[in-house]
Structures are given as C-alpha cells and as structure tokens.
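Observations on the three-dimensional arrangement
Listed here are the chains, written in short residue letters.
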Amino acid sequence: MNTDELEHALVLAVRRVREIQTKLHRWATGDPHRRFDDLFNLVCDPAFLLVAWDRVRGNKGARTAGVDGQTAYYVEAVQGVEGFLDRLRSGLKDRSFQPLPVRERMIPKPGGSGTKRYRRLGIPAVRDRVVQASLKLVLEPIFEADFDPGSYGFRPERRAHDAIAETHHFAKHSYEWVLEGDIEACFDEISHSALLGRVRRRVGDKRVLALVKAFLKAGILTEDGALRDTGTGTPQGGLLSPVLANVALSVLDEHFADKPGGPRSTQHERAKRRRHGLANYRLVRYADDFVVMVSGTKAHAQALLDEVAVVLSTIGLRLAPGKTVITHIDEGLDFLGWRIQRHHKRGTSKRYVYTYPAKKALRAVTAKVKTVCWQNSNLPLETLLHQLNRLLRGWTAYFKYGSSSATFNYLRAYTWKQVFGWLRRKHRRSGWKELRRRYTCDGWWPAAGDVRLFNPAGVHTRRYLYRGTQIPTPWPSTA
C-alpha cells in the first residue's frame, strides 16, 4: 500500500471509527446500566487499528522504543504498516497476542525538599501502544457517558484551564474553604481488582476484560534490567492508562456528586442546608490532582479528610498526609501550576479572587531559562533564541488566562538578563555598547538576524471563561 492509498484508507477509517464511537456513546448515555458485550471485534477492526496506528505514529514518543527495541519509524521502514497491522490483528484474533513488559524510565519530579523524588514512566512496545490506542478508541466513548462534569484530566475537549475556571467560579460564590488533595503514588498503587470491577460495570466482553488485565499485569523492565511484576497500578506512559485511571478515580467523583449538598442537589436544597448550618461541596479533579470546595466552615472541610481517605481506600489508594491540607481562599492555594487567592483590589475596599502563576511554576520556568543560558556559549545566538522562544511561548500560552501580567514582566526581565549574561561569557572582550550594537534589534532587545527573543510581557492576558456543564463531547448523544 503506497502513501496515497494509506492516506485514503485512513480518511475512511477515521469516518467509520467516529460513526461507531458516536453510537457507543449514545447507547451508553441513553442507558446508564447497559453493559457492552461485543467490543473485542471493534478492537480488532482494521479501521480501529489503522486509526490507532496513526495516533501512535503522530505521538511525541514515536521515536522511543519499548523493550523490543522497535520504534514507529522502524515499523514503517522495515516491516511496513499494512503487514504490521495484519499480523497484530491476527495475533489478537487467535489469542496469541501477549503484551510485553513496559520499559521503565524514572523522571525527576519538580519541587520537593532536599531529596530528589522521581515518578515512574512506563514505555510500552509500539505494537502494545497500537492495541492500547484501539482499546481506548472503543472504551473512551462508553465511559465518557459516566464521567462527572467536574473531572477534567485526560478527557476530550477538556483542559486544565477548565478546572481552574471552575475552582475560581465556586471560590467567588461562597465556597471559601478548600481541601487540597494529594494522592500518594496514584498510578503505581491503583488496585487491579477494584479497577477491573469498575470496568465490568460497563464492559461484559470477557475478551476485552482479559486484554485490559493483561496490560495491567504485563510487568516492568526496570532501568537496571530486572523484570518486576505489576501487582498494582497502571504505569504512566501507556495510551490506555489515563482512561483507566479516570475509571478508578471516578469513585471519588460519584461520591461527591451523590453527597447531600453536592452538585446533584438543587439550588433550593443547597440554600436550605446553609440555613441549617450544613455545608455544600464541589469536587474539581484533574487526573489525580483534586480540590474539594466547601461552602461552610473549616470543621466541615476537616471532616472530609477521613471521608475522602475511606473512598480512596476502596480502590487501593491513600492520601499523602504531608501534602493534603485545608486552606481558606484568603490564604490561597496552588492548583495545576496556578495560584488561586482572594485579594483586595488595589485602590478599593473590594476583594476579588485572582488566578495567577504560582511561585513554584515561576521558579520552574526560570530554572529552565537559566539552564538553557548556561549551556555551551559556542552555540550561535540564533540557536539559543530558538530554544528560549519555544520554552517561553509554551509557558506563557498556558498562563495567559489569568492575572499574569506582573509575572510575565518579571520573566521578561529575568530572561533578558540571562541572555546578556550568556553573550558576555561568549564575547568576553566585547564591551556593552558593542554587544548591544551587534546582538540587538533596537539597541536593547536581543536578536540574531530575523530571530528575536520572545517577549513574555507582550502576551495579552485574559480571563478563561467558565464553561460549566456546557463542554461538548466529540460524539453527539442525539441522532
């Protein structure tokens, strides 16, 4: 199959997959208790496998190999996509397919105390990634019908800004006490039996359940070459892991959704509870990061600690005691890189809830800028500017939806200072005037030819609009 034929087949496959996903989502939405029995044939369907391959091939990790040493580019160049997918489909059909162990990579976690902390990243083999992607294409539209609107992590059409906007919205409307939850080693400790039990509520196909279990039990090839069994958890790095983590953690969403004073209570019921001195609650969750907003007293928020711990224990998880805290919105909280805090507006007696980059996030980006600027000074300035621009554009694009102007101005000044420090080390015999003449565009701002240093202070900031329950799904639930 040549490139044009493959592209045409992919267009048809995407159309077929979207049609089937829409039906699955519509059926799941229409009947909350329906169990789907014949899903394995969809996982093995050539259209689903081709779309899955396209997603794996377009992923950033396409150049990274699993334990078998094969990358997506190797598959294309040596095996051929058509033959690779045919063999994969045959292996699934005749039950000879068995997932390989994931390759372990320990990634340093940002922040923390003096001791370095790491999180485990598992890199599956390319063939396993394709099957996981196909499984995700089948399972995601079914479970999306059940997921709570207050859950935002790793879900289609949703982003971290929605979680921040919801937290900001409720903080403005009397939900002033906050439980900041931190789950200890979430992806490593999820109970397989509890997770599979929640998957069985929607999936009745034993072949699909067996395939999901096989991925959970595939094992890990550690960095020192030892093979370790995976009795718990779903390693970060697989395409299926985020969906399975959301399935497990939805136990927390369901608990607060059904709780008296939760989002399913009517406005009249919530007002009545407040008149009687009872609290109302809202859970905002992004993957394993969550906050519980409380419209009540500090005692109401503190009472949630044991309650949340009991709920999480049903799926084998526990709260990190040192990081799970109760705070008031006037003291502020850090969530998903943002600082959310109520302040007096300058020049007035009014108080407003503001969102802006947390100090931890600012320290992280300035550390990266410094690292880039302390690299080899023999590099051309153009190369340095390209690296910095990529970093600064991404960081400011994330943080532009808030009161971030002061932070962007600080980052501008810090980056300018670091770049000129790099130039001074590169040209030790050149004076200040000479450097400004040769390496700026206006006598001040660093530039190399047509490449100018990105100016963070030039980014326009604005409020991200709260979308609430109006966030659409990719699959229409009505015919």
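One can find the structure itself at the top, above this paragraph.
About the thresholds
- Residues numbered from 1 in each chain as written.
- Predicted model: local features only at pLDDT ≥ 70, side-chain atom pairs only at ≥ 80, totals over all residues.
- Heavy atoms only, no water.
- Helix = DSSP H or I, 4+ residues; strand = E, 2+ residues; numbered from the N terminus.
- Rg over C-alpha atoms; globule rule 2.2 N^0.38 Å.
- Buried < 20%, exposed > 50% of the residue type's maximum accessible area, 1.4 Å probe, protein only.
- Areas by Shrake-Rupley, 256 points an atom, 1.4 Å probe, with all protein chains shown as cover.
- Lys, Arg positive; Asp, Glu negative; His and termini not counted.
- Charge placed at Lys NZ, Arg CZ, Asp CG, Glu CD.
- Patch = residues over 30% accessible without salt bridge, like charges linked within 9 Å, V, L, I, M, F, W, Y side chains within 5 Å.
- Salt bridge = Lys/Arg side-chain N within 4 Å of Asp/Glu carboxyl O.
- Polar contact = N/O pair within 3.5 Å; in protein donor to acceptor, adjacent residues only side chain to side chain.
- Contact = heavy atoms within 4.5 Å.
- Expected span 1.5 Å × (residues − 1).
- Arc of directions from axis to C-beta.
- Pairing = 2+ DSSP bridges.
- Axes fitted to C-alpha atoms, helices over the stretch in contact; angles between N-to-C directions.
- Core = buried A, V, L, I, M, F, W, Y, C linked by side-chain atoms within 4.5 Å.
- Bend = angle between axes of the 7 residues up to and from the residue.
- Parallel < 35°, antiparallel > 145°, perpendicular 65-115°, else oblique.
- Nonpolar A, V, L, I, M, F, W, Y, C, P; charged D, E, K, R; others polar.

A word on the overall build of the chain. Helix and strand counts for the chain stand at 17 helices and 13 strands. By the compact-globule yardstick of 23 Å for 479 residues, the chain fits well, its C-alpha radius of gyration being 25 Å. Each of the three principal axes of the chain carries a C-alpha extent, and together these read 75 × 70 × 45 Å. Counting over 479 residues, the chain shows a buried share of 50%. Surface summary for the chain: the accessible area is close to 23,900 Å², and the carbon and sulfur share equals 50%. Taking the average place of the 79 positive charges on the side chains of the chain and the average place of its 48 negative ones, the gap between the two points comes to 8 Å.

A word on a positive patch on the surface. On the surface, Lys109, Arg117, Arg119, Lys323, Lys359, Lys360 and Arg363 cluster together into a patch of positive charge. If you tally residues by element for the positive patch, the top one is helix α14 (residues 359-373), at three residues.

Right, let's talk about the side chain of Arg158 for a bit. Position of Arg158 among the secondary structure elements: in the loop between α6 (126-144) and α7 (160-172). Polar contacts involving the side chain of Arg158 include one to the main-chain carbonyl oxygen of Pro149, which spans 2.8 Å. The residues touching Arg158, leaving out its near neighbours within four places in the chain, are Asp148, Pro149, Ser151, Tyr152, Arg467 and Ile471.

Within the structure shown, the criterion is met by 20 salt bridges. Between Arg202 and Asp146 there is a salt bridge, with the nearest N and O atoms lying 2.8 Å from each other. Here Arg202, found in the loop between α9 (192-200) and α10 (206-216), pairs with Asp146, found in the loop between α6 and α7; they are 56 residues apart in sequence, far enough to count as distant. Taking the shortest distance from any N to any O, the salt bridge between Asp162 and Arg467 comes out at 2.7 Å. In this pair, Asp162 sits in helix α7 while Arg467 sits in the segment after β13 (451-452), placing the two residues 305 residues apart along the sequence. The buried category is assigned to Asp162, whose relative accessible area is 2%.

Turning to helix α5 (residues 81-93), a few remarks are in order. Between its first and last C-alpha atoms α5 spans 18 Å; for 13 residues at 1.5 Å apiece the expected length is 18 Å, and the two agree. Those residues of α5 that sit buried are Val81, Phe84, Leu85, Leu88, Gly91 and Leu92. Down the axis, α5 shows its buried residues gathered within 125° of arc, on one side only. Taken together, the buried residues of α5 touch α2 (40-43), α3 (46-57), α4 (72-79), α6 and α10. Within two residues after α5, Arg95 carries a phi angle of roughly 65°, on the positive side.

Here we take up unusual backbone geometry. A positive phi angle is found at Ser174, which is not glycine, with a value near 75°. Its location among the elements puts Ser174 in the loop between α7 and β3 (177-182).

What follows deals with the side chain of Ser404. With respect to the helices and strands, Ser404 occurs in the loop between α15 (381-399) and α16 (405-426). Taking relative accessible area as the criterion, Ser404 reaches 0% and is therefore assigned buried. There is a polar contact of 2.5 Å between the side chain of Ser404 and the backbone oxygen of Phe399. Not counting chain neighbours up to four residues away, the residues in contact with Ser404 comprise Trp338, Tyr356, Pro357, Phe399 and Thr461.

On to the environment of Gly458. Considering the arrangement of structural elements, one finds Gly458 in the segment after β13. Of the residues examined, Gly458 reaches a relative accessible area of 60% and is grouped as exposed. Each C-alpha atom of the pair Gly458 and Arg412 lies 9.1 Å from the other, and the pair is 46 residues apart in sequence.

This paragraph deals with the sheet that holds strand β10 (residues 338-344). Judged by pairing direction, the sheet is antiparallel, and its three strands sit side by side in the order β9-β10-β11 without closing on themselves. Either end of the sheet is taken by a strand with one partner, and the two such strands are β9 (333-335) and β11 (351-357). With direction set aside, neighbouring strand axes in the sheet form an average angle of 30°. Each of β9, β10 and β11 touches α7; the most contacted strand, β11, lies at about 160° to it.

Among the nonpolar cores identified, the biggest contains 82 residues, and Leu39, Trp53, Val130, Leu135, Leu139, Val208 and Leu211 are the most heavily contacted of them. It is α6 that provides the largest number of residues to this core, a total of ten residues. Discounting residues that sit within four places of it in the chain, Val130 has contacts with Leu49, Ala52, Trp53, Val56, Phe84, Leu85 and Leu88.

A contiguous patch of negative charge on the surface is contributed by Asp4, Glu5, Glu7, Glu82 and Asp86. By residue number, the principal contributor to the negative patch is helix α1 (residues 3-30), which donates three residues.

Attention shifts here to helix α13 (residues 298-313). Its 16 residues place the ends of α13 24 Å apart at the C-alpha level, agreeing with the 22 Å of an ideal helix rising 1.5 Å per residue. Maximal helix bending in α13 amounts to about 25°, located at Leu305. Check the buried side of α13 and you find it contacts β3, α11 (241-258), β6 (280-286), β7 (289-295) and β8 (325-328).

Here we take up the packing of α14 against α15. Their axes nearest at 10 Å, the elements α14 and α15 cross at an angle of 170°. On the basis of their axis angle, the class for α14 and α15 is roughly antiparallel. Between α14, through Ala361, Leu362, Val365, Lys368, Val369, Val372 and Cys373, and α15, the contact on the second element is made entirely by Leu384, Gln387, Leu388, Leu391, Leu392, Trp395 and Phe399. Split by residue class, the contact of α14 with α15 holds twelve nonpolar, one polar and one charged.

It is worth stressing that arrangement in space is one thing and function is another; only the former is reported here.
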